[in-house]
Amino acid sequence: MKKIILLIFVLVISGIANSVFCQTKNILFLGNSYTYYNEGLPEMFKMVAESKGKSVETYSNSPGGYTFSMHSTNSTSLNLISSQIWDFVVLQEQSQLPSFPPSQVETDVYPYATILCDSIRANSHCTTPLFFMTWGRKNGDASNCTEYPPICTYLGMQWRLRQSYVEMAGNNDAWVAPVGMAFKSVITSNPEIELYSGDESHPSYCGTYLAACTFFSVIFNESSLGAYIPEQVTADQALVLQNAAWNVVIDSLDIWRIDTTTVRADFEPMFQTKTVLAQFANYSVNADSCLWNFGDGSLAIMQYPVFDNIYDIMYHTYPEEAEYNICLTAYKGCNSVDTCKIRYIFISEFNNSAVNTSQLFPNPANDIIFIDNENYVGSNAEIFDITGKIIKSVLLTENEMIIKVNDLTEGLYLIRIKKDEIKT
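Within each chain, residues carry numbers counting from 1 in the order of the written sequence. In view of the model being predicted, local features appear only for residues whose pLDDT reaches at least 70, and side-chain atom pairs are presented and counted only at 80 or more, with totals across whole chains, interfaces and linings using the full set of residues. Side-chain calculation: all heavy atoms of the structure are included, whereas hydrogens and water are not.

Counting rule for disulfides: a pair of cysteine sulfur atoms within 2.5 Å. Summed over the entire model, instances satisfying the criterion amount to two disulfides. What pairs with C145 in a disulfide is C152, and their sulfur atoms sit 1.7 Å apart. With the S-S dihedral at roughly 95 degrees, the linkage between C145 and C152 falls on the right-handed side. Burial status follows relative accessibility: with a 1.4 Å probe on protein chains alone, a residue under 20% of its type maximum counts as buried, one over 50% as exposed, and anything between as partly exposed. The partly exposed category is assigned to C152, whose relative accessible area is 24%. Sulfur-sulfur distance for the disulfide between C327 and C340 comes to 2.1 Å. Disulfide C327-C340: torsion about the S-S bond near 110 degrees, hence right-handed. In this pair, C327 sits in strand β13 (residues 322-332) while C340 sits in strand β14 (residues 335-345), placing the two residues 13 residues apart along the sequence. Note on C340: relative accessible area 12%, which makes it buried. In DSSP terms, a helix is any run of H or I states spanning at least four residues, a strand is any run of E spanning at least two, and both are numbered starting from the N terminus.

Below is the structure:
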């Protein structure tokens with residue numbers, strides 16, 4: 001729809017300052033030996049992230065052979081969950097359990113995954129549970145093959161792990177780090193890179209590095225190309241592993257339930273009247289709500305289901321003509337970003353009494369706008385585009401106090417009505 005507004009004057013720009021919150025990500029890993037192998041996945045992930053300019057702190061509780069059931073009653077795990085506000089809590093189940101028959105997984109795995117997710121959210125609704133999808137064993141699960149043939153091969157075991165972890169994430173409104181599928185990608189395309197240690201179950205250094213790169217791509221929504229490489233991994237191997245991690249993550253964001261939308265905060269003052277009433281256009285994107293700080297000690301909150309590249313209007317009356325540092329913070333969930341702009345709010349030559357008794361509607365308009373004020377009879381209404389170019393001029397008569405705008409393209413327009421002492 002066309003955006004038609006009553007223009008008074010554009011505010012004077014005296015300076016602009018922008019800031020974006022950049023915080024350290026705090027990540028807790030709860031797993032077992034798959035997590036602590038090779039000096040630890042959390043530490044390798046931290047080194048990858050910091051080499052890419054990210055600030056992270058990692059913590060872990062990963063006793064050998066631990067299951068979700070064990071973690072759900074383990075005092076160390078539960079105390080860690082409640083010890084601070086985490087950005088992510090990574091949950092890694094025992095390597096075989098999620099690959100078992102669906103009925104058994106529903107009994108032995110899913111209830112405890114839910115208990116852990118509930119504990120995480122009870123501590124903070126801003127924390128994202130992140131399921132660590134592990135990999136199938138190199139030659140399948142020989143110890144359980146007879147009882148459940150689908151896991152006799154690597155591919156069969158990997159498919160069951162994928163199904164279970166994706167379902168767990170869906171049941172608990174969580175994300176998935178698809179490490180197991182990154183393993184599958186490398187095994188298919190570059191089988192010469194050994195991802196397993198000698199027991200054909202635990203990861204080699206290349207396997208742990210691939211997991212670290214996958215977690216980096218999930219959490220930061222970017223490739224790990226150019227990141228730190230451990231000395232046990234060659235540069236050529238690292239390039240393959242970095243690309244595999246990124247491609248697997250970015251290819252199926254919906255399946256892994258990864259939310260990559262970012263919130264943006266932006267606004268521009270539009271005009272003010274003789275009462276120092278300022279009008280601001282809010283251009284924030286992907287925000288659930290916005291907090292205005294008008295720079296004079298006043299605050300205001302705008303709450304909407306969503307912003308979708310369409311501005312909303314905020315009005316504020318200032319106590320006096322002066323320069324103000326105006327800030328807008330846009331929120332999406334637990335994330336926020338802000339922008340601040342210094343603006344001089346001044347009293348215009350606008351005749352406030354004329355506006356108080358006038359009405360211009362509808363706004364936004366599609367075809368015609370109406371002017372409800374007899375003081376404007378005989379005046380010329382001029383329409384300008386945002387660059388100041390005059391688009392049309394209309395004489396307002398007693399019988400026709402309208403402006404036809406059906407020939408205008410979508411956008412923001414300015415209207416000026418001239419009549420002797422009345423200027424708008």
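Moving on: the environment of K54. Topologically, K54 is positioned in the loop between α2 (41-51) and β4 (56-61). Judged by relative accessible area, K54 falls into the partly exposed class, the value being 23%. Aside from chain neighbours lying at most four places away, what touches K54 is A49, F216, F220 and E222. A polar contact is formed between the side chain of K54 and the side chain of E222, at a distance of 2.8 Å. Every residue pair with non-hydrogen atoms within 4.5 Å of one another is taken to be in contact. The term polar contact refers here to a pair of N or O atoms within 3.5 Å; inside protein, the definition further demands a hydrogen-donor-capable atom paired with an acceptor-capable atom, and it admits residues adjacent in sequence only when both atoms are side-chain atoms.

Moving on, we come to the packing of aromatic side chains. When we look at a pair of aromatic rings, we describe it by the centre distance and by the angle of the planes. For this analysis, a ring pair means two rings from Phe, Tyr or Trp (six-membered ring only for Trp) whose centres lie within 6.5 Å, classed as stacked if their planes differ by under 30 degrees, edge-to-face if by over 60, and tilted for the remaining angles. For the coordinates displayed, the defined rule picks out 18 aromatic pairs. On the basis of an interplanar angle of 40 degrees and a centroid distance of 5.4 Å, the ring pair of F280 and W292 is categorised as tilted. Taken together, the residues F280 in strand β9 (residues 277-282) and W292 in strand β10 (residues 289-293) connect sequence positions 12 residues apart. Taking the relative accessible area as the measure of exposure, W292 reaches 0% and is therefore buried. One aromatic cluster is present, formed by F29, Y34, F45, F132, W135, F183, Y196, F215, F216 and F220 through successive ring pairs.

In the contact formed by helix α8 (residues 179-189) and helix α10 (residues 235-251), the axes pass within 9 Å of each other and the chain directions differ by 125 degrees. With respect to α10, the axis of α8 lies oblique. Crossing of α8 over α10 shows right-handed handedness. Residue-level inspection shows M181, A182, S185 and V186 of α8 in contact with α10, the latter providing L241, A244, A245 and V248. Working convention: axes come from line fits to C-alpha atoms, limited for helices to the stretch in contact. Angles between N-to-C directions cover 0 to 180 degrees. Here roughly perpendicular refers to angles of 65 to 115 degrees, roughly parallel to angles under 35, roughly antiparallel to angles over 145, and oblique to all remaining angles. In this scheme the crossing of two helices becomes right-handed for a clockwise turn of the near helix relative to the far one and left-handed for an anticlockwise turn of less than a right angle.

Looking now at the pattern of salt bridges. The term salt bridge refers to a pairing of a side-chain nitrogen on Lys or Arg with a carboxyl oxygen on Asp or Glu at a separation within 4 Å. Tallying each qualifying case throughout the model produces eight salt bridges. Its salt-bridge partner being E57, residue K46 comes within 3.6 Å of it at the nearest N-O pair. With K46 in helix α2 and E57 in strand β4, this pair connects stretches of sequence that are 11 residues apart. Of the residues examined, K46 reaches a relative accessible area of 13% and is grouped as buried. A cluster of three or more residues bridged by salt bridges with shared partners is formed by K46, E50 and E57.

Our next topic: the nonpolar core. Only buried Ala, Val, Leu, Ile, Met, Phe, Trp, Tyr and Cys residues count toward a nonpolar core, and they belong to the same one when joined by side-chain atoms within 4.5 Å. In terms of nonpolar packing, the biggest core is built from 75 residues, with F45, F131 and F215 touching the most fellow members. It is helix α9 (residues 205-220) that provides the largest number of residues to this core, a total of 11 residues. With residues up to four places along the chain from it excluded, the contact list for F45 reads I27, F29, V56, T58, A212, F215, F216, I219 and F220. Within the second largest apolar cluster, 20 residues are counted, among which are F267, M302, Y318 and L328.

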